[in-house]
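Below are the chains, spelled out letter by letter.
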Amino acid sequence: MIRLYGTPRSRALRVSWLLEELELPWEFHFVDMAKQQNRTPEFLALNPCGKIPVLEDDGLVLTESAAIMLYLAERYGEGRLLPKPGTAASGHHHQWLSFVITELEQPLWTMGKHRFALPEQQRVAAIQATAVWEFNKAAAIAEQWLPDSPFLLGDELTVADILLAHTLNWATIFEQQIPPKLAVYRDRLNLRPAMKKALDKASANLTD
């Protein structure tokens with residue numbers, strides 16, 4: 001049984017969404033960050049960084065959401081959700097993964113760290129304006145790159161689609177302006193049944 005540690009709307013959601021797309025059996029273990037359950041010896045043995053998500057699969061422990069997603073798609077996808085390795089499509093797929101994490105997500109996480117995640121004495125309010133500027137710049141590029149096809153690489157959903165849609169949802173929660181094509185793309189991806197199933201399953205286990 002695959003076990004996923006996290007909270008419902010954190011980066012764990014991109015992993016649980018993928019698990020549902022793959023139709024895999026999995027269980028959710030809620031980590032109450034407010035109660036510092038991520039700092040217990042048991043959790044730190046899984047991830048010394050004290051961060052979520054964490055995946056356990058048949059004795060394997062993985063952290064870092066993008067790495068977890070690639071592992072799951074490679075092991076269980078049976079040719080789905082990832083382009084064929086070594087192809088131009090694969091190169092574009094990995095380019096999207098890198099761009100989302102380093103350009104789109106990075107300023108959002110800067111906002112989050114300096115709003116609530118860091119100790120109060122380490123927060124710098126003035127950095128918010130810079131982070132918004134960085135996000136807007138990256139979002140404009142993503143809007144330019146976004147193809148007219150249903151998904152980033154054509155007619156088939158990939159890991160990169162889930163990662164991008166989840167990051168855009170995060171941006172919406174952070175009250176950032178999403179360019180129009182990206183907003184339509186985000187809304188369409190959010191209608192996928194697997195996304196709702198993942199969120200419902202995690203939300204039903206908040207007392208773990």
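- The protein chain is annotated in an unreviewed UniProt entry as Glutathione S-transferase of Shewanella chilikensis.
- Taken directly from UniProt, the Sequence similarities (unreviewed entry) text for the protein chain runs: "Belongs to the GST superfamily."

1. Side note on the overall build of the protein chain
Piece 1. Tallying secondary structure elements over the protein chain gives eight helices and four strands in all.
Piece 2. Reading the helices (α) and strands (β) of the protein chain from amino to carboxyl end gives β-α-β-α-β-β-α-α-α-α-α-α.
Piece 3. Scaling as 2.2 N^0.38, a compact globule of 208 residues should have a C-alpha radius of gyration of about 17 Å, and the protein chain matches this with 17 Å.
Piece 4. Overall, the protein chain is about 45 × 45 × 30 Å in size when its C-alpha atoms are taken along their principal axes.
Piece 5. Burial statistics for the protein chain: of 208 residues in total, 48% are counted as buried.
Piece 6. A separation of at least 24 residues holds for 64% of the contacts in the protein chain among residues at least 6 apart in sequence.
Piece 7. Carbon and sulfur atoms make up 54% of the accessible area of the protein chain, which amounts to about 10,800 Å² in all.
Piece 8. With 21 positive and 25 negative side-chain charges, the protein chain shows a spacing of 3 Å between the two charge centroids.

2. A look at helix H8 (residues 193-203)
Piece 1. Residues of H8 that are buried include every one of Ala194, Met195, Ala198, Leu199 and Ala202, and no others. The buried side chains of H8 occupy one side of the element, clustering within an arc of 130° when seen end-on. The outward face of H8, more than 90 degrees from its buried face, is lined by the exposed residues Pro193, Lys196 and Lys197.
Piece 2. Looking at the buried positions of H8, the neighbouring elements they touch are helix H1 (12-21), strand S2 (26-30), helix H6 (159-173) and helix H7 (180-190).

3. Remarks on the pairing of S2
Piece 1. Only one face of S2 is covered, namely the one carrying Trp26, Phe28 and Phe30; the face carrying Glu27 and His29 has none of its residues buried.
Piece 2. The pairing of strand S1 (residues 2-6) with S2 spans five bridges and is classified as parallel. Residue Leu4 lies in a different strand from S2, and its bridge partner there is Phe28.
Piece 3. For the segment spanning S1, H1 and S2, crossover handedness is right-handed.

4. Concerning the packing of helix H5 (residues 127-145) against H7
Piece 1. As a packed pair, H5 and H7 sit with axes 8 Å apart at the nearest point and diverge in direction by 75°. Judged by the angle between their axes, H5 and H7 are roughly perpendicular. In contact with Ala139, Ala142 and Glu143 of H5, H7 contributes Pro180, Lys181 and Leu182.

Analysis parameters
- Residues numbered from 1 in each chain as written.
- Predicted model: local features only at pLDDT ≥ 70, side-chain atom pairs only at ≥ 80, totals over all residues.
- Heavy atoms only, no water.
- UniProt positions renumbered as here; feature names shortened; annotations may be inferred.
- Helix = DSSP H or I, 4+ residues; strand = E, 2+ residues; numbered from the N terminus.
- Rg over C-alpha atoms; globule rule 2.2 N^0.38 Å.
- Buried < 20%, exposed > 50% of the residue type's maximum accessible area, 1.4 Å probe, protein only.
- Contact = heavy atoms within 4.5 Å.
- Areas by Shrake-Rupley, 256 points an atom, 1.4 Å probe, with all protein chains shown as cover.
- Lys, Arg positive; Asp, Glu negative; His and termini not counted.
- Charge placed at Lys NZ, Arg CZ, Asp CG, Glu CD.
- Arc of directions from axis to C-beta.
- Pairing = 2+ DSSP bridges.
- Right-handed = clockwise from strand over helix to strand, strands pointing away.
- Axes fitted to C-alpha atoms, helices over the stretch in contact; angles between N-to-C directions.
- Parallel < 35°, antiparallel > 145°, perpendicular 65-115°, else oblique.

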